[in-house]
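Listed here are the chains, written in short residue letters.
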Amino acid sequence: QVQLVESGGGLVQAGGSLRLSCAASGRAISSSSMGWFRQAPGKEREFVAAIMSNRVTRDYADSVKGRFTISRDNAKNTVYLQMNSLKPEDTAAYYCAARNFPATSRAKSEYPYWGQGTQVTVSS
């Protein structure tokens, strides 16, 4: 079992930046791919970014490509999401997720482990 705890959310003005962290416990995540998803009120949870266990291969949703960067520190069992040039439409609860395979996936159903989420609010 893997427990995931997100942190770093908050209120920021449009154009600002935030860095989300996801701390894992229970077992090492070095062989797991990790993902970030988000869910705005009244909308489906959607894929944001994912990183392979090799720390090199990354995947991004088109809506965040060029603005967000996912990274991981396997020694710290932690995954990060650096969010720059934030827009009001980025407002959502952001969730970290872990997958039992090294390759990335955009499908929510491929991730058995989820954190509780951290709220990001971007004001215009």
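Quick summary incoming for the structure in this document. (Residues numbered from 1 in each chain as written. Predicted model: local features only at pLDDT ≥ 70, side-chain atom pairs only at ≥ 80, totals over all residues. Heavy atoms only, no water.)

A closer look at the state of the cysteines
Rules: Note on terminology: disulfide denotes any pair of cysteine sulfur atoms within 2.5 Å. Secondary structure is summarised from DSSP: a helix means a run of H or I of at least four residues, a strand means a run of E of at least two, and numbering begins at the N terminus for each. When accessible area is computed with a 1.4 Å probe and restricted to protein chains, residues below 20% of their type maximum are described as buried, those above 50% as exposed, and intermediate ones as partly exposed.
Under the definition given, this model contains one disulfide. With a sulfur-sulfur separation of 2.1 Å, Cys22 is cross-linked through a disulfide to Cys96. Between Cys22 and Cys96, the S-S torsion sits near -75°, and that sign places the bridge as left-handed. Pair noted here: Cys22 is in strand E3 (residues 18–25) and Cys96 is in strand E9 (residues 92–99), with a separation of 74 residues, a long-range link. Residues Cys22 and Cys96 agree in their burial class; the two are buried.

Details of the pairing of strand E1 (residues 3–7)
The condition that has to hold: Two strands make a pair as long as DSSP finds a minimum of two bridges between them.
The alternating pattern of E1 places Leu4 and Glu6 on a buried face and Gln3, Val5 and Ser7 on a face that is not buried. Inspection of the sheet shows E1 paired to E3 by five bridges, in the antiparallel sense. Among the inter-strand pairings, Ser7 is bridged to a residue of E3, identified as Ser21.

Topic: the sheet that holds E1
Within a sheet, neighbouring strands are paired by backbone hydrogen bonds and run either parallel or antiparallel to one another. Condition: For every element, the axis is a line fit to its C-alpha atoms; helices are fit only across the contacting stretch, and the angle between N-to-C directions ranges from 0 to 180 degrees.
Strands sit in the order E1-E3-E8-E7 across an open sheet of four strands; the sheet is antiparallel. Whereas interior strands pair on both sides, the edge strands pair on one side only; in this sheet they are E1 and strand E7 (68–73). Adjacent strand axes in the sheet meet at a mean angle of 15° when their direction is disregarded.

Structural notes on unusual backbone geometry
Positive phi, normally seen in glycine, also occurs at Arg55, with a value near 70°. Along the chain, the position of Arg55 falls in the loop between strand E5 (46–51) and strand E6 (58–60). The partly exposed category is assigned to Arg55, whose relative accessible area is 48%. Phi at Ser85 takes a positive value of approximately 50°, unusual for a residue other than glycine.

Focus on the pattern of salt bridges
Counted only if it meets this: A side-chain nitrogen of Lys or Arg and a carboxyl oxygen of Asp or Glu constitute a salt bridge if their distance falls within 4 Å.
Across all of its chains, the model carries six salt bridges by this definition. A salt bridge links Lys65 to Asp62; the nearest nitrogen and oxygen atoms lie 3.4 Å apart. Take Lys65: its relative accessible area is 49%, and that puts it in the partly exposed class. Since its relative accessible area comes to 64%, Asp62 is described here as exposed. Close ionic contact of Asp90 with Arg67 constitutes a salt bridge, the shortest N to O distance being 2.8 Å. Here Asp90 is found in the loop between strand E8 (78–83) and E9, whereas its partner Arg67 is found in the loop between E6 and E7, with 23 residues between them in sequence.

Quick word on the side chain of Ser32
Inclusion rule: A 3.5 Å cut-off defines polar contacts: any pair of N or O atoms within that distance qualifies, except that in protein one atom must be a possible hydrogen donor and the other a possible acceptor, and neighbouring residues in sequence count only when both atoms are side-chain atoms. Contacts: residue pairs with any heavy atoms within 4.5 Å of one another.
Examined against the element boundaries, Ser32 turns out to sit in the loop between E3 and strand E4 (33–39). Of the polar contacts made by the side chain of Ser32, one reaches the backbone oxygen of Arg99; its length is 3.3 Å. When near neighbours in sequence (up to four residues on either side) are disregarded, Ser32 contacts Arg27, Ser53, Arg72, Arg99 and Phe101.

Topic: the packing of aromatic side chains
For the record, the criterion: Pairing of aromatic rings covers Phe, Tyr and the six-membered ring of Trp, with a centre-to-centre limit of 6.5 Å; geometry is then stacked below 30 degrees between planes, edge-to-face above 60, and tilted otherwise. Charge-over-ring contacts are defined here by two conditions on Lys NZ or Arg CZ: a distance within 6 Å of the ring centre and an angle within 35 degrees of the ring normal.
On inspection of all chains with the given rule, the structure shows four aromatic pairs. When the centroid spacing of 5.8 Å and the interplanar angle of 75° are considered together, the rings of Phe37 and Phe47 count as edge-to-face. In this pair, Phe37 sits in strand E4 while Phe47 sits in strand E5, placing the two residues ten residues apart along the sequence. Comparing Phe37 with Phe47 shows no difference in burial state: the two are buried. Their ring planes at 65° and their centres at 6.3 Å tell us that Tyr111 and Trp114 sit as a pair that is edge-to-face. Using a relative accessible area of 3% as the deciding quantity, one classes Tyr111 as buried. Through a chain of ring-to-ring contacts, three or more aromatic side chains come together here, namely Phe37, Phe47, Tyr111 and Trp114. The cationic tip of Arg19 hangs over the ring face of Tyr80; the distance from NZ or CZ to the ring centre is 4.0 Å.

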